[in-house]
Amino acid sequence: MSQPTIESILHEKRLFNPSEDFSKQARIKSMEEYRELYEKAKANPEAFWAELAENELHWFKKWDQVLDWQPPFAKWFVGGKINISYNCLDRHLTTWRKNKAALIWEGEPGDSRTLTYSQLHREVCQMANVIKQLGVKKGDRVGIYMPMIPEAAIAMLACARIGAPHTVIFGGFSAEALKDRLEDAEAKLVITADGGWRKDAIVPLKEQVDKALQAGAPSVDNVLVVQRTEQKIQMEPGRDHWWHDLQQNASGQCPAEEMDSEDMLFILYTSGTTGKPKGVVHTTGGYNLYSHITNQWAFDLQDTDVYWCTADVGWITGHSYIVYGPLSNGATTLMYEGAPRASNPGCLWDVVEKYGVTIFYTAPTAIRALMKMGERHPNARDLSSLRILGTVGEPINPEAWIWYNRVIGQGKCPIVDTWWQTETGGFMITPLPGATPTKPGSATLPFPGIIADVVDTEGEPVTNNSGGYLVVRHPWPGMMRTVYGDPERFRRTYWEYLRPKNGDYVYFAGDGAHRDEDGYFWVMGRVDDVINVSGHRLGTMEVESALVSHPAVAEAAVVGRPDEVKGEEIVAFVTLEGDRQPDEALEKELKQHVVNEIGALARPGEIRFSDDLPKTRSGKIMRRLLRSLASGQEISGDTSTLQDRTVLEKLRGGA
Ligand code: 6R9
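Being a predicted model, the structure only gives us computed values, none of them experimental.

Turning our attention to the pairing of strand S5 (residues 112–116). The pairing of strand S4 (residues 101–106) with S5 spans five bridges and is antiparallel. Across the sheet, Leu-103 pairs through a bridge with Leu-115, a residue of S5. Linking S4 to S5, which pair antiparallel, is a turn of five residues; within it Gly-110 sits at a positive phi near 105°.

With that settled, the discussion passes to the sheet that holds S4. Picture the strands of a sheet paired through backbone hydrogen bonds; they go either parallel or antiparallel. Taken together, seven strands build an open sheet; the order of strands is S5-S4-S17-S16-S18-S19-S20 and the sheet is mixed. Either end of the sheet is taken by a strand with one partner, and the two such strands are S5 and strand S20 (415–417). Strand-to-strand, the axes of this sheet are offset by a mean angle of 20°, without reference to chain direction. Taken together, the four bridges between strand S18 (residues 359–362) and strand S19 (residues 388–391) define a ladder with parallel strand orientation. Note that in S19 the partner of Thr-362 across the bridge is Thr-391. In this fold helix H11 (residues 316–328) packs onto S4, strand S16 (306–309), strand S17 (332–336) and S18, with an angle of close to 165° to the strand it touches most, S16. Contacting S18, S19 and S20, helix H15 (residues 398–408) runs over the sheet at an angle of about 155° to S19.

Here we come to the sheet that holds strand S25 (residues 521–526). One open sheet accounts for four strands, arranged S21-S22-S24-S25; its pairing is antiparallel. Every other strand in the sheet has two partners, leaving strand S21 (452–455) and S25 as the edge strands with one partner each. This sheet shows a mean twist of 45° between the axes of neighbouring strands, independent of strand direction.

Before going further, it helps to spend a moment on the environment of Leu-57. Locating Leu-57 in the fold gives a position in the loop between helix H3 (45–56) and strand S1 (65–70). Considering only alpha carbons, one finds Leu-57 and Gly-79, 22 residues apart in sequence, at a separation of 15 Å.

This part takes up the UniProt feature "modified residue: N6-acetyllysine" (unreviewed entry) in the chain. Per the UniProt entry, the sites bearing "modified residue: N6-acetyllysine" (unreviewed entry) are Lys-620 in this numbering. Position of Lys-620 relative to the elements: it lies in the loop between strand S30 (606–609) and helix H19 (623–630). Taking the relative accessible area as the measure of exposure, Lys-620 reaches 35% and is therefore partly exposed. For Lys-620, the contacting residues outside a window of four places in its chain are Gly-393, Glu-394, Pro-614 and Lys-615. For Lys-620, the side chain forms a polar contact with the main-chain oxygen of Gly-393, separated by 2.8 Å.

Taken N-terminus to C-terminus, the directions of helix H5 (residues 117–133) and helix H6 (residues 150–162) make an angle of 65°; their axes are 8 Å apart at the nearest point. Taken as a pair, H5 and H6 cross one another with a handedness that is right-handed. Listed contacts from H6 to Leu-120, His-121, Glu-123, Val-124, Cys-125, Met-127, Ala-128, Ile-131 and Lys-132 of H5 are Glu-151, Ile-154, Ala-155, Leu-157, Ala-158, Cys-159, Arg-161 and Ile-162.

Right, let's get into the side chain of Thr-317. With respect to the secondary-structure elements, Thr-317 resides in helix H11. Judged by relative accessible area, Thr-317 falls into the buried class, the value being 10%. Ignoring sequence-local partners within four residues, the contact set of Thr-317 consists of Cys-309, Ala-311, Ile-322, Tyr-361, Val-392 and Trp-420.

With that settled, the discussion passes to the domain arrangement of the chain. When the domains of the chain are assigned, the result is domain 1 (84–257), domain 2 (453–526) and domain 3 (530–652). Taken over C-alpha atoms, the centre of domain 2 sits 27 Å from the centre of domain 3. Domain 2 puts six residues into the contact, and the matching count from domain 3 is six residues. In this assembly, domain 2 packs against domain 3 so that about 400 Å² is buried in total across both faces, 46% of it on carbon and sulfur atoms.

Right, let's talk about the pattern of salt bridges for a bit. Inspection of the entire model under this criterion finds 51 salt bridges. Between Lys-100 and Asp-303 there is a salt bridge, with its nearest N and O atoms 2.5 Å apart. Of this pair, Lys-100 sits in the loop between helix H4 (84–93) and S4 while Asp-303 sits in the loop between helix H10 (285–298) and S16, placing them 203 residues apart in sequence. In this structure, Arg-623 engages Glu-544 in a salt bridge whose closest nitrogen and oxygen atoms are separated by 2.8 Å. In this pair, Arg-623 is assigned in helix H19 and Glu-544 in helix H17 (residues 540–548), connecting sequence segments 79 residues apart. Judged by its relative accessible area of 4%, Glu-544 is buried. Among the ionic contacts, a cluster of salt bridges with common partners joins Arg-368, Glu-394, Asp-529, Glu-544, Glu-555, Lys-615, Arg-623 and Arg-627.

Our focus in this paragraph is the UniProt feature "binding site: ATP" (unreviewed entry) in the chain. Mapped onto this structure's residue numbering, the UniProt feature "binding site: ATP" (unreviewed entry) falls at Gly-393, Glu-394, Pro-395, Asp-417, Thr-418, Trp-419, Trp-420, Gln-421, Thr-422, Asp-511, Arg-526 and Arg-537. A maximum C-alpha distance of 26.5 Å is found for the annotated residues, which run over 145 residues; spatially they are spread out rather than grouped. Here Trp-420 is to be found in the loop between S20 and S21. The exposure class assigned to Trp-420 is buried, which follows from its relative accessible area of 8%. Once you skip the residues sitting within four places of it in the chain, Trp-420 turns out to touch Ile-316, Thr-317, Ser-320, Tyr-321, Tyr-361, Val-392, Gly-425, Gly-426, Phe-427 and Met-428. A polar side-chain atom of Trp-420 sits 3.3 Å from a polar atom in the side chain of Tyr-361. The residue Gln-421 is located in the loop between S20 and S21 in this model. Judged by relative accessible area, which is 8%, Gln-421 ranks as buried. Ignoring anything within four residues of it in the chain, the contact list for Gln-421 reads Ile-316, Tyr-507, Ala-509 and Arg-526.

This part takes up the pairing of strand S14 (residues 264–270). The element S14 is extensively covered by neighbouring structure, given that six of its seven residues are classed as buried. Bridge count for S14 against strand S15 (residues 278–283) is six bridges, and the pairing is antiparallel. In the strand pairing of S15, Leu-268 is matched with Val-280.

Residues spaced three or four apart along an α-helix face the same direction, because each turn holds 3.6 residues. With 14 residues, H10 extends 20 Å between its outermost C-alpha atoms, agreeing within 8% with the 20 Å of an ideal straight helix rising 1.5 Å per residue. Across the 14 residues that make up H10, a large majority, 14, are buried.

This brings us to the site of the ligand. Around the ligand, the surrounding shell holds 17 residues, and the nearest of these are Asp-417, Thr-418, Thr-422, Asp-511 and Arg-526. At a separation of 3.4 Å, a nitrogen atom of the ligand approaches a polar backbone atom of Glu-394. Bound to the protein, the ligand loses 90% of the 530 Å² it would expose on its own. Listing elements by their share of the shell around the ligand, those giving two or more residues are H11 and S25.

A word on the packing of H17 against helix H18 (residues 584–597). Where H17 contacts H18, the axes come no closer than 9 Å and their chain directions differ by 120°. Relative to H18, H17 is oriented oblique. In this structure, the crossing between H17 and H18 has a hand that is right-handed. Here H17 contributes Val-543, Ala-546 and Leu-547 to the contact with H18, which in turn contributes Leu-590, His-593, Val-594 and Glu-597.

Conventions and cut-offs
- Residues numbered from 1 in each chain as written.
- Predicted model: local features only at pLDDT ≥ 70, side-chain atom pairs only at ≥ 80, totals over all residues.
- Heavy atoms only, no water.
- Pairing = 2+ DSSP bridges.
- Helix = DSSP H or I, 4+ residues; strand = E, 2+ residues; numbered from the N terminus.
- Axes fitted to C-alpha atoms, helices over the stretch in contact; angles between N-to-C directions.
- Contact = heavy atoms within 4.5 Å.
- UniProt positions renumbered as here; feature names shortened; annotations may be inferred.
- Buried < 20%, exposed > 50% of the residue type's maximum accessible area, 1.4 Å probe, protein only.
- Polar contact = N/O pair within 3.5 Å; in protein donor to acceptor, adjacent residues only side chain to side chain.
- Left-handed = near helix turned anticlockwise from the far one by under 90°.
- Domains from an automatic or database assignment.
- Buried area = accessible area lost by both parts, 1.4 Å probe.
- Salt bridge = Lys/Arg side-chain N within 4 Å of Asp/Glu carboxyl O.
- Expected span 1.5 Å × (residues − 1).
- Near = heavy atom within 4 Å.
- Areas by Shrake-Rupley, 256 points an atom, 1.4 Å probe, with all protein chains shown as cover.
- Parallel < 35°, antiparallel > 145°, perpendicular 65-115°, else oblique.

Written as structure tokens, this is what we have:
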């Protein structure tokens, strides 16, 4: 007997079609076109990907074999020679795009820079030459610990250019987290800045690097420092070098190394819920193709677009959809150093207005925060240039989706809800904006070439509308290749967690989901977070969405707390809209609201009000910590990815 997986309890019925005008202009114009691509890819995935690789990318030498699949290890475009930095830069220089804006950058204090493809190419070559001069050779790892400034992208492209895999460590990470990652990757060089601007304060990056190197990471021999904030920092002679000094004598020409398609492009660490962070390894050819084509189709990239993804380059979203995907497509990508803050709550909309942004891509956590700040900020700006909106990072609650559509998209922008992971390299389940009718809260349908499914604990498909585990059945070019230094962990975590009876290897994403009668996927949250109430296994997404649909609620997180009778009972952590104050009457009302929306089964046993919720630095709610708090246990496990430690203190105090 297979065990119950996850029950699906909330049903969202609203449907939004792309407008005829939008579809007419789009690259992929209809569901018929989507289905054709999907079926073509399904019938012969290797031919499908090979044709795209041939048409979309430059290869120094063509591959001998499209796919070498020795489950769970895949090699794509075996024998092919390619360089992603070449595909992002050099190949555009022989076209009219040479003087097109490649990167538009807006700094938090209001300074800005625009680099054309030709200028970006020059700076990347200069940095590549400097890195070489500092002793970095093909295959050596380089740590990048940077604020959101053009040099972050330049550093990544420079490493890729000479074949030195980079590992970008988010600039908000502590010295400790930085040290661990540099050690695991055995980085030879660190590229950093004196500091970066974040919410009107300086983040002292170089100081953190100094601390990290004092504590460990002996493989690092050199530190390259970009001047950004100009505060005083220590420069250790022989080890630390100013970028602006070395740049002066560096040549603006540096031929791109001919990389093997399967040479490692980067390592990106993702925090597992427990234990040591995993170094997710991506390689060159497959990743280049996958980030390129998913970006092009799901955001309908056109040459006239000003495309803005608000992620940090320290996350996979920044890698695939600020740097590699857009530049490989010859698009104009915008990078913003700042974030909405008390002194400038409308800053995002200022940037949209200033540059005429056409595509805007952000996370549900940001959308909920913007909702809480009120409509007056977006309403006071001209957002009419926008034509597509995107979301990523967590399931988006239907209420937040509707707000995004109405207030930011002014009812005319398709919303592209992209489900994917660090491990997948690019979008896996996503609407194509000119084709796919959207439903608030659903990432809709798999990208062509992706065979996604929902299965039970035995790995067998579940029926429509029953919850289960989200899996992928066939390898795809953007998939991670291994966990750095730990192939067994890769096998165990992702490919052997669920084994169907026929012995197939399926990729397990760690998410719960269900599929509806139209085949649409609804991600219900991480399976580690599932709550078991009286034998019913509930995903977090649906209960949270029910809470967020109440007008007083801005954000909600639910967790389970052991209960003698029910197994677990639901504890909800709730932040309120604007100035709304909590009281007993509201608590009762919210509990009843969940009962009305979902049923008595999901009634929270307790509601705790707070000003904020603990989140990872990429904005995901850390329910693991809330679970400990709810059951009165000490917080254990890794908290290095927590955005704001004071949140935990406050929640404890309020408990
Ligand atoms: C890109 C990124 C991956 C996890 C993933 C899932 C959640 C991301 C989502 C989504 C529902 C979406 N997630 N996008 N859940 N709908 N559109 O976020 O990568 O940081 O590795 O996180 O994020 O739980 O498994 P990563």
